[in-house]
Amino acid sequence: MSSLENRPETTPSAKWRWPSVHPEGRKFALIAAGITLLLFLLGVAPLGWIMVGITIWVAAFFRDPIRSVPIGQGLVVAPADGLVTMIQEVMPPRELTGEGALAATPCLRVSIFMSVFDVHINRAPIAGTITRVVYIAGKFLNASLDKASEDNERQHFLVVGHDGTQIGFTQIAGLVARRIVPFVKTGDMVGVGQRVGLIRFGSRVDVYLPAGTAAKVTLGQRSIAGETILARIGDGERVTGVAQ
């Protein structure tokens, strides 16, 4: 029997890692921790313990976990953690249409709602070049409402893949959210799953898929930014699911 045959079988494995706090959120966590310490020093222990919980929540809100991004021809990954609340055919936002952008024809929009308990770091759905970033001031309606796409504060992105594929996606502020923070600008090249921005606190992300491309997620499904496969370009076969 050879030494190879005597060698025990080894299987690659992954280990859980404690997520770091994104730099954008560290100042808020430190402020909350400072207030907590001050309350204890002043002898206001009941409020101090409440602030302990708030400090932990603030740090958790800005957590930035490592993601394992699937790589494959034509794959579109989810840009946000959260609940898939809408999958419907709509006209793309006018800010993402025009010369060198999306066609002004109906396309499939997938909406992902992020609660205040979800990771709020958003990621690029495909690799390519950011050709358009448009910020629109607006209201702060409940992000789960359909009209939030047109009324709320939002930021549109258009990314063009190396093969010419165009994917538009929009960060939408919600009822509690008050700040959209971009990490990229027009002209930047991004990899699939790369961090492109965040929204404080609770919001939604819309993704506009090209014609002939169906969603590979179902209503009520939870998506994971940078990991969940949202669609495969040119694959029009719909996915159905059942709640159980």
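Please read these numbers as outputs of a predicted model, since none were measured by experiment.

**Digging into the environment of Ile-112**
Alright, step 1. Turning to its location among the elements, Ile-112 is positioned in strand E5 (residues 107-114).
Alright, step 2. Contact partners of Ile-112, with chain neighbours within four places excluded, come to Ala-78, Pro-79, Ala-80, Asp-81, Gly-82, Leu-83, Val-84, Ser-203, Arg-204, Val-205, Ser-223 and Leu-230.

**Describing the pairing of strand E13 (residues 203-209)**
Looking along a regular strand, one sees the side chains alternate between the two faces of the sheet.
Alright, step 1. For E13, the buried fraction is high: seven of the seven residues fall into the buried class.
Alright, step 2. With burial as the criterion, each face of E13 is covered, one bearing Ser-203, Val-205, Val-207 and Leu-209 and the other bearing Arg-204, Asp-206 and Tyr-208.
Alright, step 3. Both E5 and E13 contribute to a ladder of seven bridges, which runs antiparallel. Looking across to E13, one finds that Met-114 is bridged to Ser-203.
Alright, step 4. The sheet contact formed by strand E9 (residues 166-173) and E13 spans six bridges and is antiparallel. What sits directly across from Ile-172, in E13, is Arg-204.

**Describing helix H2 (residues 23-41)**
Alright, step 1. Its 19 residues place the ends of H2 27 Å apart at the C-alpha level, agreeing with the 27 Å of an ideal helix rising 1.5 Å per residue.
Alright, step 2. The set of residues buried in H2 consists of Glu-24, Gly-25, Ala-29, Ala-32, Thr-36 and Leu-39. Along the axis of H2, the buried residues cluster in a sector spanning 105°; they form a single face. Turned more than 90 degrees from where H2 packs its buried face, Leu-30, Leu-37 and Leu-41 sit exposed.
Alright, step 3. Along its buried surface, H2 packs onto strand E1 (20-21), helix H3 (45-61), strand E10 (179-182) and strand E12 (195-200).

**What about the confidence of the model for the protein?**
Alright, step 1. Here the protein shows a mean pLDDT of 86. Residues at 70 or above account for 87%.
Alright, step 2. Here residues 1-9 is a poorly scored stretch, pLDDT under 50, and it has one contact once near neighbours within four places are set aside; other chains count.

**Concerning the nonpolar core**
Side chains of nonpolar character tend, in soluble globular proteins, to be buried together.
Alright, step 1. Among the nonpolar cores identified, the biggest contains 28 residues, and Val-76, Val-110, Val-159, Val-190, Val-207, Leu-209 and Leu-230 are the most heavily contacted of them.
Alright, step 2. At the level of secondary structure, the elements contributing two or more residues to this core comprise E5, strand E8 (154-160), E9, E12, E13 and strand E15 (229-232).
Alright, step 3. Ranked by residue count, the leading element in this core is E5, at four residues.
Alright, step 4. Contacts of Val-159, omitting those with residues within four sequence positions, involve Pro-125, Ile-126, Gly-128, Thr-129, Ile-130, Thr-165, Gln-166, Ile-167, Phe-169 and Val-190.

**Thoughts on the sheet that holds strand E6 (residues 121-123)**
Alright, step 1. On the basis of which strands lie adjacent, the open sheet formed by three strands has the order E6-E12-E10 and antiparallel pairing. Each edge of the open sheet is held by one strand with a lone partner, namely E6 and E10. On average, each strand axis in the sheet is inclined to that of its neighbour by 25°, with strand direction left out of account.
Alright, step 2. Sheet analysis places E10 next to E12, joined by four bridges and oriented antiparallel. Considered in E12, the bridge of Arg-179 is made with Arg-200.

**Quick look at the pairing of E5**
Alright, step 1. Burial analysis of E5 places seven of its eight residues in the buried class, which makes it a mostly covered element.
Alright, step 2. In the sheet, strand E4 (residues 82-90) pairs with E5 via seven bridges, with the strands oriented antiparallel. Following the sheet pairing, Val-90 is matched in E5 by Cys-107.

**Topic: the sheet that holds E13**
Alright, step 1. The strand order across the open sheet built from eight strands is E11-E7-E8-E9-E13-E5-E4-E14, with neighbouring strands paired in antiparallel fashion. The open sheet has two free edges, formed respectively by strand E11 (189-190) and strand E14 (222-223), since each of these has just one partner strand.
Alright, step 2. Pairing between E8 and E9: seven bridges, direction antiparallel. Considered in E9, the bridge of Val-160 is made with Gln-166.

**Looking at the packing of aromatic side chains**
The description of an aromatic ring pair rests on the distance of the ring centres and on the angle between the ring planes.
Alright, step 1. Scanning the model with the defined rule gives five aromatic pairs in all.
Alright, step 2. On the numbers, 5.3 Å between centres and 85° between planes, the contact of Phe-40 with Trp-49 is edge-to-face.
Alright, step 3. With a centroid separation of 5.0 Å and 80° between ring planes, the pair formed by Phe-61 and Phe-62 is classed as edge-to-face. Phe-62 shares its class with Phe-61; the two are buried.
Alright, step 4. Members of the aromatic cluster, each reached through a chain of ring pairs, are Phe-28, Trp-57, Phe-61 and Phe-62.

**Some remarks on the packing of H2 against H3**
Alright, step 1. Interaxial distance between H2 and H3 falls to 8 Å at its minimum, and their mutual angle equals 170°. One way to sum up the angle between H2 and H3 is to call them roughly antiparallel. Crossing hand, H2 versus H3: left-handed. Together, Phe-28, Ala-29, Ala-32, Ala-33, Ile-35, Thr-36, Leu-39 and Phe-40 of H2 and Ala-45, Leu-47, Gly-48, Trp-49, Met-51, Val-52, Thr-55, Val-58 and Ala-59 of H3 make up the contact between the two elements.
Alright, step 2. Tallied by class, the residues present in the contact of H2 with H3 amount to 14 nonpolar, three polar and no charged.

What counts and how
Residues numbered from 1 in each chain as written. Predicted model: local features only at pLDDT ≥ 70, side-chain atom pairs only at ≥ 80, totals over all residues. Heavy atoms only, no water. Helix = DSSP H or I, 4+ residues; strand = E, 2+ residues; numbered from the N terminus. Contact = heavy atoms within 4.5 Å. Buried < 20%, exposed > 50% of the residue type's maximum accessible area, 1.4 Å probe, protein only. Pairing = 2+ DSSP bridges. Expected span 1.5 Å × (residues − 1). Arc of directions from axis to C-beta. pLDDT = per-residue confidence, 0-100. Core = buried A, V, L, I, M, F, W, Y, C linked by side-chain atoms within 4.5 Å. Axes fitted to C-alpha atoms, helices over the stretch in contact; angles between N-to-C directions. Phe/Tyr/Trp six-rings, centres within 6.5 Å; stacked < 30°, edge-to-face > 60°. Parallel < 35°, antiparallel > 145°, perpendicular 65-115°, else oblique. Left-handed = near helix turned anticlockwise from the far one by under 90°. Nonpolar A, V, L, I, M, F, W, Y, C, P; charged D, E, K, R; others polar.

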